[in-house]
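Examination of the molecular architecture
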Amino acid sequence: QVQLVESGGGLVQAGGSLRLSCAASGRTFSGSVMAWFRQAAGKDREFVTGITWSGSTDYVDSVKGRFTISRDNAKNTVYLQMNSLKPEDTAVYYCADRQTDTRKLPTRIYEYDYWGQGTQVTVSS
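As a starting point, this report considers the structure included with it. (Residues numbered from 1 in each chain as written. Predicted model: local features only at pLDDT ≥ 70, side-chain atom pairs only at ≥ 80, totals over all residues. Heavy atoms only, no water.)

Moving on, we get to the packing of aromatic side chains. Using the criterion set out here, one finds 4 aromatic pairs in the structure. When the ring of Phe37 is compared with that of Tyr112, the centres are 5.4 Å apart and the planes differ by 80°; the resulting orientation is edge-to-face. With Phe37 in strand 4 (residues 33-39) and Tyr112 in the loop between strand 9 (91-98) and strand 10 (114-115), the pair connects residues that are 75 residues apart, well separated along the chain. Accessibility assignment for this pair places Phe37 and Tyr112 in one class, buried. Relative accessible area serves as the criterion here: at 5%, Tyr112 is assigned to the buried category. Taken together through their ring pairs, the aromatic side chains of Phe37, Phe47, Tyr112 and Trp115 make up a single cluster. The residue whose ring lies beneath Arg45 is Tyr94, and the NZ or CZ to ring-centre distance is 3.7 Å. The aromatic ring of Trp115 is capped on one face by Arg45, whose charged end is 5.1 Å from the ring centroid. (Phe/Tyr/Trp six-rings, centres within 6.5 Å; stacked < 30°, edge-to-face > 60°. Helix = DSSP H or I, 4+ residues; strand = E, 2+ residues; numbered from the N terminus. Buried < 20%, exposed > 50% of the residue type's maximum accessible area, 1.4 Å probe, protein only. Lys NZ or Arg CZ within 6 Å of the ring centre and 35° of its normal.)

Right, let's talk about the state of the cysteines for a bit. Scanning the entire structure with this criterion turns up 1 disulfide. Through a disulfide, Cys22 is tied to Cys95; the S-S separation comes to 2.1 Å. Residues Cys22 and Cys95 are joined through a disulfide that is left-handed, its torsion about the S-S bond being -80°. One end of the pair, Cys22, is in strand 3 (residues 18-25); the other, Cys95, is in strand 9, with 73 residues separating them in the sequence. For the pair shown, Cys22 and Cys95 are each scored as buried. (Disulfide = S-S within 2.5 Å.)

What follows is about the sheet that holds strand 8 (residues 77-82). As summarised here, the arrangement of the 4 strands in space is 1-3-8-7, forming an open sheet in which the pairing is antiparallel. Edge positions in the sheet fall to strand 1 (3-7) and strand 7 (67-72), since each has one partner strand and no second. Across this sheet, the average inter-strand angle for adjacent strands is 15°, counted without regard to direction. The sheet contact formed by strand 1 and strand 3 spans 5 bridges and is antiparallel. Paired with Ser7 across the bridge in strand 3 is Ser21. (Pairing = 2+ DSSP bridges. Axes fitted to C-alpha atoms, helices over the stretch in contact; angles between N-to-C directions.)

As a further point, take the pattern of salt bridges. Two side chains with opposite charge may pair up if their charged atoms get near one another. Evaluation of the coordinates by the stated rule reveals 4 salt bridges. With a shortest N-O distance of 2.8 Å, Asp89 and Arg66 are connected by a salt bridge. Pair noted here: Asp89 is in the loop between strand 8 and strand 9 and Arg66 is in the loop between strand 6 (57-59) and strand 7, with a separation of 23 residues, a long-range link. Shared partners join several salt bridges into a network, and the residues in it are Arg38, Glu46, Arg66 and Asp89. (Salt bridge = Lys/Arg side-chain N within 4 Å of Asp/Glu carboxyl O.)

This part is about the side chain of Thr52. In this fold, Thr52 is placed in strand 5 (residues 46-52). Given the relative accessible area of 3%, Thr52 is considered buried. Here Thr52 is in contact with Ser32, Val33, Arg71, Asp101, Thr102 and Leu105, once residues within four sequence places are set aside. (Contact = heavy atoms within 4.5 Å.)

Our next topic: the pairing of strand 9. In terms of burial, strand 9 is largely enclosed, as 7 of its 8 residues are buried. The pairing of strand 4 with strand 9 spans 7 bridges and is classified as antiparallel. Following the sheet pairing, Gln39 is matched in strand 9 by Val92. Of the pairings in the sheet, the one linking strand 9 to strand 11 (residues 119-124) comprises 3 bridges and is antiparallel in character. The residue of strand 11 that forms the bridge with Val92 is Gln120.

Right under this line is the structure:
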């Protein structure tokens, strides 16, 4: 069993930065994939970025160059550094875990096994 708890969301002006954290417990990180998804009001949940246990990453085109995912396996924590935030980044951000590692990062909701409760990010103009 895996428990994921996100933190770090909040209100920020356009152009500002936030760092989200996802603390994992009840598991080992070895062989796992971690990802961030987001869901804007009235829209489907979408893949934002993911990272394998070995550190391979991928990003949705809209956040490339602005967002950075990282993980600290010793702390069982994954981070999402968000810079140059835009109003269209406003969403609930969810941390997700896949128990089996893959060469290519999964981007679909059904490909992940555990989810955090979500943290709200609101970017004002």
